[in-house]
Each structure stands twice: as structure tokens, then as C-alpha cells.
Amino acid sequence: MKRYDMIIVGAGPAGLSAAVEAAKHGMCVAVFDENAKPGGQLFKQIHKFFGSKEHQAKVRGFRIGEALLKQANELGVEVLLNAVVTGIYADKEVIVRHNDTVRHVKGDTILVATGASENMIAFPGWTLPGVMGAGAAQTMINLHGVLPGKRVLMVGSGNVGLVVSYQLMQCGCELVGIVDVAKKIGGYGVHAAKIARCGVPFYMGHTIVRAEGTDHVTGVVIGEVDEAYQCISGTEKQLDVDTVCIAVGLSPMSQLLDMAGCQMQTVSAKGGTVPVCNADGETSVEGLYVAGDVSGIEEASSAMIEGRIAAISAARKLGYLGEAPASEEISKLQASLEALRQGMFAPGNRGKIIEQTEEGIRISNSLLTKGYLEEQEIERFPGFHTQKGIHPVIECTQNIPCNPCQDVCPRHCIMVGDNITALPVVDENSACSGCGLCVASCSGQAIFLVNDSYDQTHASVTIPYEFLPLPAVGTIGVALDRSGNPVCEAEVLSVKANPAFDKTNLLTMKVPKEMSQKARFFAVKSSEQKG
Amino acid sequence: MAKTADVIIIGSGIIGCATAYYLAKKGRTVIVLDQNDTVGNGGSARNGGGVRQSGRDKRELPLMMFGIKYLWQNLSEELGTDVEYMQKGNLRLGKTEEHLRILSRLAENARACGLDVSMVSGAEAREICPYLSDEVIGASWCPTDGHANPLTTTLGYYKNARRLGVQFYTGESVTALRKYQGKIRYVVTQNQVFEAQQVLVAAGYESREILKSVGIDIPMSKLLLETLVTEAQPPMFYQMLGTATADFYGHQSKHGSFVFGGSSGLEAVRRDFASDASTNLTASYISRAIIRYFPVLSDVKIVRTWAGWIDECVDGVPVLSDTPEVPGLVIACGFTGHGFGIGPAAGYVLAQLLAEETPSVDLSAFRYDRFRAKF
Amino acid sequence: MKEHENLRVKPIQWHSEPDDDLIICRCEEITKGEIRKAVCDGMVTIKEIRRYLRTGMGLCQGQTCGKLVKGIVAKELGVKPDDLEPATGRAPVRPVEMQVLGKESEE
């Protein structure tokens, strides 16, 4: 029987990262993935990642996937696609279904990196065509180029719900609203803000009462919930939609590990049933490792590091890497992983109510309930300041591990510091050149350039803009405030699409001076926007 | 204070649950203990669902025939649970002359016990089941055999026993039986002590360790058998199927899925007798075996495989017996992989035995003290 | 699991709820009411529920309904969903045609 040093199940971020790391140390590796394309969820992540440089912050997910795949190929890693691992048996034997046969192979070590599946909620009409997981909708638009529908309701305000909502809008869907039974938005405020300023309403403390239609969704009814999450009678609202996306969390796909005899545990904070494992990701079955969502729901960034740690640990076990270099490398990676697990959204903070930032600043309640900051609230955050001439206004108000804005500014105007969850501070003594690199590098699209003295009566506001078609210079449209309400007429002064911006275009608009701290989005015609 | 009842039953499989139900109907108070958290998690939840008489040892036949005649027919109604019993006959298939000789011998034995079993040609077998491959040259045919759903049958007995007041304690691992003044009296678990005048041990292979505490042994071994189930198919055929060499068996359930089992031949030399994980080879083997008899099922998908321990008695038939040397103790184990179909009848007569009534079927062939050396 | 012991002994009274006809397990078309009824009938572990009703035993093997079923059972029993032992993972993780499963190779 064919024997590998490491068999990796799943060619997603964790699996591919592990494969590259293991191959680098000379291990003979096979990667099996049930899908027709490698990359797991990475190839549909068209947004920019958070983190610091070592976490590939500001790089779009699919580019990270492409780079990983290229590296794996260069290192001669065998990646077998359409290869379904159907079971793991005694002696770390794996049965993999490929084409019309089942193959038996063995690994001295195995890494299971099978990821997660989407949770569902049951409500009348949930089995109608048109109700789907948000991840499924994302696969349709970003991998297959198919729109799931025209008018979408998103259920769930976590990062998946927010990111997919934005991407559906980028594809031309109308987002009718975001519903969540929670009173507060679960995902990053910056993700919510970029949707809110397009005019999308957040229905927090609401539930989906039913989806209507006979053979597909033709509408939904939502309603406010009481303390027991039951709909309060009389609060029902009918919304005209053809698609309902469900983004209510993920569950680890850990069945293979259960089957392989790993000790399992069910932990809500990890999203469901996961194997018990040590810091290297090794389960109770010696040589059987896990990395990524299958070991507890997190982000692709942490999955990649976990994959590398598992590969190094396996390399040490099999003698491909000495004890000392392996331990040193693992410590470094664990520190990097730890850095990602800091801040308000850290796994340890799940379910906790956080009222203040690390800096002791009160969090915006409006951001958490409506998806946007009230204008007067911006001033208490260190990313806001006023000065003569062009300067950045950073509307980053939650502690998220992320610092590209600091790294890209050629004039060092922006400070995050060593603690990468700290809120960025705009240095009043440095001179902003208006290059816009910070605007384009901000994965949360929370940085704007404001020039209050564009002319006697006007200010210019530069916004990140990721919609097509790009408006032509000179277009007269309307400026929208943070809630998506039109506030004034705006003229497009420039649209920059520098390759360094990586498709986050910089749209600069001219607005009346008093609107410089209000105008945060541009719409071609007011009639196309709600509010 | 010890929890007490008239009878304590150890094991919540079909034997334990059925006995508890029939005892409760007689007005006895019963406690059922199981080491597992789930009721009926042993062979009762893992077998292929055969309710057959043909192919059985003749010592077992009268009890099995009693069950089919008096219990299975109305079991769904009696339990208010669809046990999916279907009496559509049993074909035991042969592909070679040698197979036919084995089948003829079995059929003859069965006929001697009054069971209607006949030999049919390949063509006749295909008339009964048109999906059979041409490789089949003959079969034995028993029209009164059938199959049922072991899961709902066991849980149906459990549900009704519970409704009649039987107390079930799961997650209670029995560590010892204790006598008091010469008679059985206490059942000691990891958590507590239970007390009764009568105890039934119906715990599969684990019965052996429990019985050791009162100095009794039943010679049996432990084998892991594997089973698989397909996605649901439109109704095709409902006969129970087997083969002369027992390389596979199975049926289509009322639900539409096919349940198939079989042995790879490597079961007895298993390395790991602690884990009930499926092996790397058996499901593939069963699939090949099925396709040879039923090519039409080639593209049907297997959705799940599982495995379960059988308690294989050294002489191939179970022990259903009281034990005069330990008054009050009754033993029911060693069912050897055919305990499901016979389960209702076994439960029925065990309840009679425990209620000190004369069992409806003579149980002398199932004595606990029948085992002897070769000579 | 102490709760289960007590619950097996102490019957839960059946009462209907307005959304009892909601389908929970799509593969096997099992409703919320059937699951709640099964709990009242004494099925107090996920394994018992699956075996009694067939929830999660269809093509997707509970990938979609697993957590939903757990939530309903836990609520009916008055325990936390995490306290219920999950269903056992079994091969094949994805359905496989018999002729494919029967065709083994080591290359």
C-alpha cells in the first residue's frame, strides 16, 4: 500500500499551508480534496484580509490561495482533486474515492483540514428554493458567476453575513436588509459600515417569521423578537425578496475524526463537535492532526498558521526537522496565531458584551445596532482629527488585529504600534500627501481622505469604491452619509485605479464644505438608493 | 437506599426491552440497566433486520416459529410503533452445485420441524425476485420469513415498557451480582446498588463478565459484524435474501433503503477487540457481493456503514435459562447474531419464566449448563 | 448523564405547538412535532431519536439538520444542546455508489 509521510484531507487554507510547509522540509505529501478546484473557501474570498504583514493583511483571499497553490506545485506536492476521503481507519489508513474506484493509502501522519459546513435555521418556508446558506450564495457569485437572485435578505450579522452581503451588492443584487435576533451586530463594525452607507437597513432584534412562496421564495415576513427570541405579534413586516441567505454560523466537519477514534468534545465556542487536541493540533490518535475550522471555527488567517504548525510538528515527529528548529518555528507561529486571536472579536470574547475599546473609549452603540457611526461619535476616536489640507479620517473604532494602514503610509502619519489591535492614531505632525495608499489598504474600507479647503466653499472627500462601473470624472451624483441617506450633490473629481490599490478604487468627490464629515459614499442617482 | 423492583434486567437490547415489556404487562415491577447512555445500543441497533426461520438451527426453530405465528404479525399494532415487519419470504441463493447441496440439507432439516421451505430453480427464484442475476442457479424458499426494522422494534418495546412503568437506567455499568442467603439479590453498578428477587442477564457478550461474579460462565466469543445501508430506492423487492455460504444477506426496507450485511472472513482475527469501528475492507467486499447477485444495484449509493458485536455461542444457539445453583438468576445471551428475529419470542418466554409460568415453548435445548467437552 | 436517567423515568407530557409541522430533517422529511413526540416517548439521546425517526440518516447524514434536531431535543428535555452526545461519524462521509466502493485499488 502506498505510504505517505503526511496525508492531508482538504486543500483549503489550512491544508495547503500545511502541504507547503511539510514539503519544504522534505516530506512526501498527498493532499486530497473533494472539490473540483483547490483552495477551499479561499478562492471565493474576494475581500482583503485583516491582520499584519505576516498574516498577509490587505491581500485578497483568492490571491493568497493562488500563491499557496503555486508554492505547493513548485514543491511537488501531490494535490488530487475530486478525491473524496470517505473514511479513516486503523493504522492511519485512508480510503479515498477518486473517479470510479476507492484507493487505500496510508500516512505516517494525517492532517484533517476539512473545514466547516453552514448552519441552518428552520422557519416556515425554509425548504423553498431561494433559501440558501450565505456561503452557498458566495460560491455561486464568486466561483460560478451566477446570481442567486435579485433581491436578497441576509439573516445573520456576523462577518460571513456582512461580507457576503457586500459581495452580493457588488454583483448587482439589491440587499433588502440584514436581520439578526441579536440586539447587536456580531461582525466587524467596519464591514457593517460599508453596507450601511449604501443604504442597507439592519433589523437587529428581529427574526425571520416565514418565507413566502409556493415553488420559490417570493417574499419574507420578519418581526421583532422578545427576550425568548419569539416574534412579538404586531411587529411583522413583509419584505419583497426572492432570496434569503442564512449566515448563522458554521459547524466543524469533524465526522472523519470521530470515525478515526479521536476523543471528541462539543464546545459551543468552537462551533460544535471537535476533536480534543494539543497546541500543535495533534489529536488523541497519535500522528493524526487537525487544523482550521474543523478544529474550531475561526478565520482563514488562523487556519493557515495552524496548518503550518501541524506540518512542522509532524516533520519533527518523523525526523525531517530537528527538535530545536521545530520548536523555535512553532513558537514563532504560535505567537503569530496569538496576535490574530486578540482584540474585541477574539474567540475568548465570544458572547461577551464589550462597551469600551482597549483605549477606554466608549464603543458606538449606533454602530452596533444600525451599522454606522453617528457623525458626532467619530470625534472621540484617535483616527479622527482635523487639520488644514488633505488628511486621513480613520473610522476604525473597534480593536481588530490589523495594521496595514500603518505599514503603507510613506510619511508615517498613521500609528498602530506593536499591539496590532490598537486603534490607529493619525499623527498631527506628519504631512499627508494624499497618496491614498491607506484608503486602499484598509480591509475594512474605513479610511477616508478629507480636504476641507478644496476651494472656498467646497471640500473633497476620497472614499474607497469597489463597485462597477466606475463613474466618470465630472459625474454629478449624490453624496450619502454613513446611514446611506443622501445629504448633498457631489461631483466626481477623480477615480484612481492604481494597481497598488488592488481594485479598491479611490473615488474623490467634491461636496459643500460643511458636508466633509458627513459624506461617506457616492451614488450616481439618488433614486437608486434607499432612504 | 437501594432501588428495588420485582425483576432487574441487565441489558436494554431487544431481549431486555421485550422481556421488560411482557413482564410489565403481567404486572411485575421491572428495572432495566444498561452500561450505555443509549437504549439498545448493542447488536439490536446494528443488525440486518432478518425475521427468518429458514437456515436456523433446529433447536431454535420452535421458538422462532412461535414468534412469527403469534408475535410479529401484530407487533406494530401492539407497540403503537411501525416495526416495518414484512413477511414476504426468504430466498437463500445458490450459484454452484455445492451451494445447492447446502441449501437442500438446510431445507430438509427445516421441513422436519414443520417449516414450509422448498427448493426452487434459478428461473423460479427470478420469478419471485426479477432483479436476481443469471448467476443464481437455485435457491431455497421460505414464504413465511421476512424482515423488520430492528431500531424501531427495540425502541418500540422500550417505549411501551417505559409507559407501563418500567424504570430504565442508562449509563449504569454493572460491576457485580451479589447473592444473599443463597439467592440472587443485589446488582451492583458503578453508581449504586439495585435490589430484586430476580435478575435477568441479557447483556450480550458482556454477560460473561457479569456472570463471573456469581461463578457462572457461558462459552462464547465476540465477533464484529458489519452492515451498510443505501440511499432510498423505489420499491423493488421485499424478500429477505441470504446465500448458501452466508457471504452476504439483506433486504429492502419499507423506507426504500437496502440494508446489507456480510462477513469478510477476517472477523475472528481482529486485532482490536475494544473498538467497534468498521474495518477498511468489509464494506467494499459486501458491495461486490451484492452486485454479483443484483447488478441492478451497481449505481445505488451507500450512505452509511456500521459495525456491531455479536455474542457467538460455542454451539451456535443461545442460552435461555434459569440457574438452580443461583436461584432467581435467569440468563439470556449467546444469540450468535440471530437474536433480533427471535427477540420478541425470547422476551415473551423469558417473561413467562421469570413470572414462574410454564413457557409457551420448551426451553430445554437452551440450558446454561449444556456445554461439554468433545468426549 | 444524570438528566437522562431521570427523564427516562419521568415522562414528559405531550402538548402540541403551532410549528410542529415544520420539516426539520429534509432528507427524511421529519417534522419538529415528530421529534418532540419522540422525546415524549422516551427517546432522550440523539442516537435514539435518529434510530426511532431516521432524522439525519438520509443522504446528507445530518449535515444540515444535526444542530436543529439537537436544539429541539435539548429544549424539550430542558438541557443544554452541548450536553447531548452528537451522532456518531460513520463512513462513507459522502455517499458512494456500490460499484465504486466495490472497486478497490492501492495505487
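Worth saying up front: this structure is predicted, and the values here are computed from it rather than measured.

About the thresholds
- Residues numbered from 1 in each chain as written.
- Chains lettered and ligands numbered in written order.
- Predicted model: local features only at pLDDT ≥ 70, side-chain atom pairs only at ≥ 80, totals over all residues.
- Heavy atoms only, no water.
- pLDDT = per-residue confidence, 0-100.
- Contact = heavy atoms within 4.5 Å.
- Buried area = accessible area lost by both parts, 1.4 Å probe.
- Salt bridge = Lys/Arg side-chain N within 4 Å of Asp/Glu carboxyl O.
- Pairing = 2+ DSSP bridges.
- Helix = DSSP H or I, 4+ residues; strand = E, 2+ residues; numbered from the N terminus.
- Axes fitted to C-alpha atoms, helices over the stretch in contact; angles between N-to-C directions.
- Buried < 20%, exposed > 50% of the residue type's maximum accessible area, 1.4 Å probe, protein only.
- Phe/Tyr/Trp six-rings, centres within 6.5 Å; stacked < 30°, edge-to-face > 60°.
- Core = buried A, V, L, I, M, F, W, Y, C linked by side-chain atoms within 4.5 Å.
- Polar contact = N/O pair within 3.5 Å; in protein donor to acceptor, adjacent residues only side chain to side chain.
- Nonpolar A, V, L, I, M, F, W, Y, C, P; charged D, E, K, R; others polar.

## A word on the confidence of the model for chain C
Predicted coordinates in regions of low pLDDT should not be interpreted in detail. All names here are of chain C. Mean pLDDT over chain C works out to 91, with 93% of the residues at or above the 70 mark. Overall, residues 1–5 carries pLDDT values under 50, and its contacts beyond four positions in sequence, including any with other chains, amount to 14 contacts. Two summary scores accompany this predicted model of the complex, namely pTM at 0.94 and ipTM at 0.94.

## Details of the interface of chain B and chain C
Between chain B and chain C, the residue contacts involve 48 residues of the former and 37 residues of the latter. Roughly 3700 Å² is buried in total at the junction of chain B and chain C, and carbon and sulfur atoms are behind 50% of that figure. When residues of chain B are sorted by the area they lose upon contact with chain C, Arg 162, Val 303 and Arg 304 of chain B head the list and together hold 19% of the total. Where chain B touches chain C, the interface holds four salt bridges.

## Quick notes on the sheet that holds strand S20 (residues 390–394) of chain A
The pairing of strands in a sheet comes from backbone hydrogen bonds and takes either a parallel or an antiparallel form. All names here are of chain A. Spatially, S20-S23-S24-S27-S26-S25-S28 is the arrangement adopted by the seven strands of the open sheet, whose pairing is antiparallel. The sheet terminates laterally at S20 and strand S28 (521–523), the two strands that pair on one side only. Taking the axes of each pair of neighbouring strands and ignoring which way they run, one obtains an average angle of 40° across the sheet. Two strands pair when backbone bridges link them, and strand S24 (residues 458–465) and strand S27 (residues 505–512) are joined in this way by eight bridges, in the antiparallel orientation. Note on S27: the bridge partner recorded for His 458 is Pro 512.

## A word on the pattern of salt bridges
Under the definition given, this model contains 55 salt bridges over all chains. Here Arg 380 of chain A makes a salt bridge to Glu 377 of chain A, at a shortest N to O gap of 3.9 Å. The exposure class of Glu 377 of chain A is buried, given its relative accessible area of 11%. The salt bridge partner of Lys 32 of chain C is Glu 17 of chain C, with a shortest N-O separation of 4.0 Å. Residue Lys 32 of chain C is found in helix H2 (residues 32–40), and its partner Glu 17 of chain C is found in the loop between helix H1 (2–9) and strand S1 (23–25); the two are separated by 15 residues along the sequence. Classification of Glu 17 of chain C as partly exposed rests on a relative accessible area of 25%. Connected via shared salt-bridge partners are Glu 17, Asp 19, Asp 20, Lys 32, Arg 36 and Glu 76 of chain C.

## Thoughts on the sheet that holds strand S9 (residues 151–155) of chain A
Residue and element names in this part refer to chain A. Judged by pairing direction, the sheet is parallel, and its five strands sit side by side in the order S8-S15-S9-S10-S11 without closing on themselves. At either end of the open sheet lies a strand with only one pairing partner, and these are strand S8 (131–133) and strand S11 (202–204). With strand direction ignored, the average angle separating the axes of adjacent strands in the sheet is 20°. Across four bridges, the pairing between S9 and strand S15 (residues 243–246) is parallel. Bridged to Met 154 within S15 is Cys 245.

## Observations regarding the side chain of Arg 46 of chain B
Considering the arrangement of structural elements, one finds Arg 46 of chain B in the loop between strand S3 (30–34) and strand S4 (50–51). Classification of Arg 46 of chain B as buried rests on a relative accessible area of 9%.

## Regarding the packing of aromatic side chains
Residue and element names in this part refer to chain B. Within this structure, the stated rule accounts for 24 aromatic pairs over all chains. Pairing Tyr 158 with Phe 168 gives two aromatic rings, centres 4.7 Å apart and planes at 90°, and the pair type is edge-to-face. Here the residue Tyr 158 occupies a position in helix H6 (residues 150–163), and Phe 168 occupies one in strand S9 (residues 167–170), the gap between them amounting to 10 residues. Residue class for Tyr 158 comes out buried when judged on its relative accessible area of 0%. On the basis of relative accessible area, Phe 168 is assigned to the buried category, the value being 0%.

## Focus: the nonpolar core
Formed by 93 residues in total, the largest nonpolar core has its most connected members in Leu 153, Val 220 and Val 244 of chain A, Trp 72, Tyr 157 and Leu 320 of chain B together with Val 73 of chain C. In terms of residue count, the dominant contributor to this core is helix H1 (residues 14–25) of chain B (nine residues). When sequence neighbours within four positions are dropped, the list of residues in contact with Val 73 of chain C reads Ile 35, Val 39, Ile 46, Ile 49 and Leu 84 of chain C. Among the nonpolar cores identified, the runner-up in size contains 56 residues, and Ile 110 and Met 259 of chain A together with Val 120 and Ala 139 of chain B belong to it.

## A closer look at the environment of Val 164 of chain A
All names here are of chain A. Structurally, Val 164 is set in helix H4 (residues 159–170). Overall, the relative accessible area of 1% leaves Val 164 in the buried class. Put simply, Val 164 and Asn 429 are 265 residues apart on the chain and 39 Å apart in space, counted from C-alpha to C-alpha. Not counting the four nearest positions on each side in its chain, Val 164 is found in contact with Ala 134, Gln 138 and Met 154.

## Looking at the interface of chain A and chain B
At the interface, seven residues of chain A touch six residues of chain B. Approximately 450 Å² of surface area, both sides summed, lies buried where chain A meets chain B, with 44% of it carried by carbon and sulfur atoms. Counting the surface chain A buries against chain B, the share from its top three residues, Tyr 89, Asp 91 and His 104 of chain A, is 61%. Put simply, Asp 91 of chain A and Arg 271 of chain B hold a salt bridge, and the shortest N to O gap is 2.9 Å. Run the count over chain A and chain B and you get two residue pairs in polar contact (both at pLDDT 80 or more). Contributions of two or more residues to the side of chain A that touches chain B are made by strand S5 (93–98) and strand S6 (101–112) of chain A. By residue class, the composition of the side of chain A that touches chain B is four nonpolar, one polar and two charged.

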